[in-house]
Amino acid sequence: MAIIDMSKVDLLGLAKDKERILQAFQDTGYLEIVDMELPEGMEDEEWFSSLSFQAGNETIERLEREISEVEFALRFLDERVQADQEKKLLVSAEDLDAVWADKEEILSIAQTCRDFDAEENEIDSRRHRLRNEVNKYMPWLGLNLSLEDLEDTANVIVRAGSVPKNMAAEFIAAVEPYEMAILKELGEEKEDAYFFVAFHKSLRQEAREAAKKFDFTQANFGDDKGTPEEIIAGLEKKIEGLFTQKNLLQHRAEELAGKRAGLMMLLDVMHMRLQREKAANQSVASAKTFALKGWVKNSDRQTLEDIIKGTTEFYKLTYSAPEDDEPFPVYTENKLPVTPFEMVTNLYSVPASNGIDPNNVVAPFHAMFLGLMMGDVGYGILLALGGFFFRKKATGGAKKLGGVIMYGGIASIIWGVLLGSYFGDVGTRLGIKPLLLNPMEDPVTMLGLSLGLGFIHIMVGMGVKAYMLIKEKKYLDAVFDIGFWYLLLVGLPLIALFPWGKYLALVGAGGLLLTAGREKKNIFGKLMGGLGSLYGITGYLSDILSYSRLFALLLSSAVVAMVFNQIAAMMGTSIIGYVFAAIIFVIGHTFNLFIGGLGAFVHGSRLIYVEFFSKFYMGGGHAFDPLHKVTKYISLENEEAK
Amino acid sequence: MIFTGQVLAVIGIALAVILPGIGSAMGVRNAGEAGAGVVTEDPDKFGQVLILELLPGTQGIYGLLVGFIIMTKINVFGGMIDLSQAEGMLYLAGSLPIAFVGLLSAIQQGKVSTAGVSMIAKRPKEVGKAMILSAMVETYAVLALLASFLVVYFI
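Note that the structure is predicted; figures quoted are calculated from it, not measured.

(A) Spotlight on the interface of chain B and chain A. Across the boundary between the two partners, chain B contributes 28 residues, which contact 32 residues of chain A. When chain B packs against chain A, the two sides together hide about 2,600 Å² of surface, and 83% of this comes from carbon and sulfur. Looking only at chain B, the three residues that lose the most surface to chain A are Ile61(B), Phe68(B) and Ile132(B), adding up to 19% of its buried area. Listed by contribution, the elements that provide at least two residues to the side of chain B that touches chain A are α2 (46–54), α3 (58–73) and α5 (127–153) of chain B. No other element matches α5(B), which puts 15 residues into the side of chain B that touches chain A.

(B) Looking closely at the pattern of salt bridges. Residues and elements named next belong to chain A. In the structure shown here, the tally under the stated rule is 25 salt bridges over all chains. Between Glu-104 and Arg-62 there is a salt bridge, and its shortest N-O distance comes to 3.9 Å. Of this pair, Glu-104 sits in helix α4 (residues 103–137) while Arg-62 sits in helix α2 (residues 57–80), placing them 42 residues apart in sequence. You can call Arg-62 partly exposed: its relative accessible area is 42%. With a closest N to O distance of 2.6 Å, Arg-518 and Asp-477 form a salt bridge. Placement of the pair is Arg-518 in the loop between α17 (501–515) and α18 (523–535) and Asp-477 in helix α16 (residues 475–494), with a sequence separation of 41 residues. Look at the salt bridges and you will find they share partners, linking Arg-62, Glu-66, Lys-103 and Glu-104 into a network.

(C) Here's a closer look at the pairing of strand β2 (residues 6–14) of chain A. Residues and elements named next belong to chain A. Across nine bridges, the pairing between β2 and strand β11 (residues 289–297) is antiparallel. Bridge pairing in β11 links Leu-12 to Ala-291. Direction of pairing for β2 relative to strand β12 (residues 315–320): antiparallel, over a ladder of six bridges. Paired with Leu-11 across the strands is Leu-317, a residue of β12.

(D) Focus on the sheet that holds strand β9 (residues 217–218) of chain A. Residues and elements named next belong to chain A. Ordered by their spatial adjacency, four strands build an open sheet running β7-β8-β6-β9, and the pairing between neighbours is antiparallel. Of all strands in the sheet, those with a lone pairing partner are β7 (181–189) and β9, marking the two edges. Sheet analysis places strand β6 (residues 156–164) next to strand β8 (residues 192–200), joined by nine bridges and oriented antiparallel. The partner of Gly-161 across the bridge, within β8, is Phe-195.

(E) Layout of the confidence of the model for chain A. Mean pLDDT over chain A: 87, with 98% of residues reaching 70 or higher. The least confident element of chain A is helix α22 (residues 637–640) of chain A, whose mean pLDDT is 58; the most confident is helix α11 (residues 359–374) of chain A, at 95.

(F) The arrangement of α2(A) in detail. All names here are of chain A. The terminal C-alpha atoms of α2, which comprises 24 residues, lie 35 Å apart, in line with the 34 Å expected from a rise of 1.5 Å per residue. Every buried residue of α2 is accounted for by Ile-60, Leu-63, Glu-66, Ile-67, Val-70, Phe-72, Ala-73, Leu-74, Phe-76, Leu-77 and Arg-80. Among the structural elements, α3 (93–101), α4, α7 (228–256) and α8 (260–281) are those in contact with the buried residues of α2.

(G) View of the packing of aromatic side chains. Residue and element names in this part refer to chain A. On inspection of all chains with the given rule, the structure shows 30 aromatic pairs over all chains. With a centroid separation of 6.0 Å and an interplanar angle of 90°, the aromatic rings of Phe-613 and Phe-616 are classed as edge-to-face. On the criterion of helical spacing, the pair formed by Phe-613 and Phe-616 is a turn pair, its members being three residues apart in helix α21 (residues 575–616). Like Phe-616, Phe-613 is buried. Site record: aromatic cluster; members linked through ring pairs are Tyr-348, Phe-365, Phe-369, Tyr-547, Tyr-609, Phe-612, Phe-613, Phe-616 and Tyr-617. Here Arg-114 stacks its cationic end above the ring of Phe-72, 3.9 Å away from the centre of that ring. Arg-127 extends its terminal NZ or CZ atom over the ring of Phe-243, reaching a point 4.6 Å from the ring centre.

(H) Molecular detail of the environment of Glu179(A). Inspection of the secondary structure assignment puts Glu179(A) in the loop between α5 (168–175) and β7. For the pair Glu179(A) and Asn522(A), spaced 343 residues apart in the sequence, the C-alpha separation amounts to 113 Å.

(I) Main features of the domain arrangement of chain A. Residues and elements named next belong to chain A. One can read the domain layout of chain A as domain 1 (1–36 + 282–327), domain 2 (151–220) and domain 3 (330–443 + 551–617). In this complex, domain 1 contributes eight residues to the contact, which on the side of domain 3 involves 12 residues. Where domain 1 touches domain 3, the interface holds three residue pairs in polar contact (both at pLDDT 80 or more). Considering only residue class, the side of domain 1 that touches domain 3 consists of six nonpolar, no polar and two charged.

(J) Spotlight on the packing of α16(A) against α17(A). Residues and elements named next belong to chain A. One can describe the packing of α16 onto α17 by two numbers: an axis separation of 7 Å at closest approach and a directional angle of 150°. On the basis of the axis angle, α16 is roughly antiparallel to α17. Once α16 is placed against α17, the crossing between them reads as left-handed. Residues Phe-480, Phe-484, Trp-485, Leu-487, Leu-488, Gly-491, Leu-492 and Leu-494 of α16 pack against Gly-501, Leu-504, Ala-505, Val-507, Gly-508, Ala-509, Gly-511, Leu-512 and Thr-515 of α17. Considering only residue class, the contact of α16 with α17 consists of 12 nonpolar, five polar and no charged.

(K) Local environment of unusual backbone geometry. Residue and element names in this part refer to chain A. Look at Asp-215: it is not a glycine, yet its phi comes out positive at around 60°. Mapped onto the elements of the fold, Asp-215 is located in the loop between α6 (204–213) and β9. In the Ramachandran plot, Phe-423 falls in the positive-phi region, its phi being about 45° despite a non-glycine side chain. Residue position: Phe-423 is located in the loop between α13 (396–419) and α14 (426–429).

Rules used throughout
- Per chain, residue numbering runs from 1 following the sequence as it is written.
- Chains and ligands are labelled by the order in which they are written, letters from A for the one and numbers from 1 for the other.
- For a predicted model such as this one, the threshold for reporting local features is a pLDDT of at least 70, and the threshold for listing and counting side-chain atom pairs is 80 or more; totals across whole chains, interfaces and linings nevertheless cover every residue.
- Here the side-chain values reflect all heavy atoms present in the structure, with hydrogen atoms and water set aside.
- Two residues form a contact once any of their heavy atoms are found within 4.5 Å.
- We define buried area as the total accessible area lost by two parts upon association, computed with a 1.4 Å probe and summed across both.
- Under the DSSP-based scheme used, a helix requires at least four consecutive residues in state H or I and a strand at least two consecutive residues in state E, with every element numbered from the N terminus.
- Salt bridges, as used here, are contacts in which a Lys or Arg side-chain nitrogen is within 4 Å of a carboxyl oxygen on Asp or Glu.
- Categorising residues by exposure relies on relative accessible area from a 1.4 Å probe, with only protein chains included: less than 20% of the type maximum marks a residue as buried, more than 50% marks it as exposed, and the intermediate range marks it as partly exposed.
- The pairing criterion is simple: DSSP has to find at least two bridges between the two strands.
- Along the chain, pLDDT gives the predictor's confidence residue by residue, from 0 to 100.
- To estimate the expected span of a helix, subtract one from its residue number and multiply by 1.5 Å.
- Two rings belonging to Phe, Tyr or Trp (six-membered ring only in the last case) form a pair when the distance between their centres is within 6.5 Å. Interplanar angles under 30 degrees mark stacking, angles over 60 mark edge-to-face geometry, and anything in between is tilted.
- A ring is considered to have a charge above it if a Lys NZ or an Arg CZ atom is located within 6 Å of its centre and within 35 degrees of its normal.
- Each domain's limits were defined by an automated method or a database of domain assignments.
- Definition of a polar contact: a pair of N or O atoms within 3.5 Å, with one able to donate and the other able to accept a hydrogen when the atoms are protein atoms, and with sequence-neighbouring residues admitted only if both atoms are side-chain atoms.
- Residue polarity is assigned by list, with Asp, Glu, Lys and Arg as charged and Ala, Val, Leu, Ile, Met, Phe, Trp, Tyr, Cys and Pro as nonpolar; anything else, Gly included, falls into the polar class.
- Angles run from 0 to 180 degrees between N-to-C directions of axes, and those axes are lines fitted to C-alpha atoms, restricted for helices to the stretch in contact.
- Here the word oblique covers every angle except those under 35 degrees (roughly parallel), over 145 (roughly antiparallel) and from 65 to 115 (roughly perpendicular).
- Whether a crossing is left-handed or right-handed is set by the direction in which the near helix is turned from the far one by less than a right angle, anticlockwise for left-handed and clockwise for right-handed.

Encoded structure:
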């Protein structure tokens, strides 16, 4: 239960060593570099103008641009080429240097991907245009004339066009009586019917009227030549050609896939470099020197100095303790059963640097609540095993999540034995008796137990607050704000059991009435403060009632398990039935484990955050984040050995 | 008389399963739709999105729970027991809290989850906070579940 003490670091070094020192910091991960704050009044010094701030902006922008290019290339290749399910590439530091030296070449691969992508888009849009052309000519397939022949002769006017489908019959009927006109229906499509019409020029006037009446739209073929059939064949051939082009492109992209490893390595190298550049950007540089500020754990001060010594002998390193109210980066250190639960706390908020590390009290309650809400031996074993293996495989925050699941699973096994639940009511069907009680048969006791646990949880939360007050030597506050509440809250339920319970409660209530408004100026304010505080009892009441969710979630996962068991049992009457029963059993319980586990985690965390933390917790700290190596695709050989 | 005790009790089961089920389906749909957008941009966020999408799904389970308790109480699986009309009505009334609160809270929770999904699109680290915000709405479904369960159980 501790927030580690930090020291402020001021480092002055030579500009030529800067790159190597930062590299060493990143390799070891002990130092968080923060923005350099210059003392007041320095702006007035005449040498001030020779300092440079944020000198790396250009480099950073360039790196970011290149990173996005490489990311694009990787995405491009991922979309087109089936890649093996990736494991991290195992590389040595020399490999990385080599990759960095080859940067331009690798970037040119990324550029090639860009070009391919552009070319592919171009092909697609051309194909789209051609396809539209084809669609335009489809209705005219019945026209056995070359389009260039669709011209009026001296006496005959020739037209091709369409009328709305619902007018087609009338249109035909209207043209029919004229002997000097030929009408040929070519086909219908969607809304329109398509026609070829030729008539003697003497009918021009009638034709104009008919065109208007039947909404005849003349087709516009532009400069296209040949019969529609020929035109379509030509277009199809072009589309075919584009297909070939695209296949060729795909083929070339597949050939690029061999270069993926280089792209992946370069991406990580550039990311690490970017982090270094960003850290460096927070320092201040003169022509020959640089100065940076940071934070280091007190225990790592010597190590940090050794690291710098390993790279150069010209430096000046000063450590100082944070000022009284100065917030510093927060790093909490806990022993094993507690460590994973830092994740639960940090999900809410990192502790303030002047607050306390709550993980020791978070851990047992979170595990207990998660376990109770699952409340099943079978699920508990699965969770514990799952969490255990997840912990082995994962790193960082995910590793902690694995721990939370594992301990929750263990707690669930214990609760399962107490409540007699083995994959729902399988245990009950086999005649295994619960050690404590069966929540399905005695729900009210179970509800009471849940609320009781909530009562204890809230008491502990207030206890931590009292501990904090005592540590700050505010003894009277501890008695007034926590002690009286204790008397009242413990006394009230005792009234039911012992006659003296009410005196306890009365003393508590009286004490609160008299002291809660002690900071108010006038007597009226003091009294109102006391009354207001007493009214806060409703808050405690709703807090405790909120723990009924423990019971509700326990019940819901137990009943869903029962439902699946019931279905499976009804199926299990023949050999085939047994197979189906087994399938339903496995799928049903997997589903329930997943949904129930998610609910248990979310609601367990909520009880910690809302009901528990509101009693004492001060968050809002900034988590200690030393400059270190973050990689997505690679893992370094020497680290693998660790 | 169609509305015998048995029919009323089965209507109770039906309401407890239907309404929260509809609500959960709507809530999950809402969050899932937003989630699909986020996953398009960044497939790595699928896990976080899935968690937020699932949260409004619990009401449907709560409804099934109450429905199942009534089923066992009236012994649906082994020939239904006789119920007076008043008894049937009690089961029906007992199923109402989870039926209605389940329906509406799941829809509302779906909205908070949807907002949470857009939140993690920008700040993936805050998925815990998004989860808690969404879980707040569920509190009332839990309370309704308790009421329904206790009533139905002790009839």
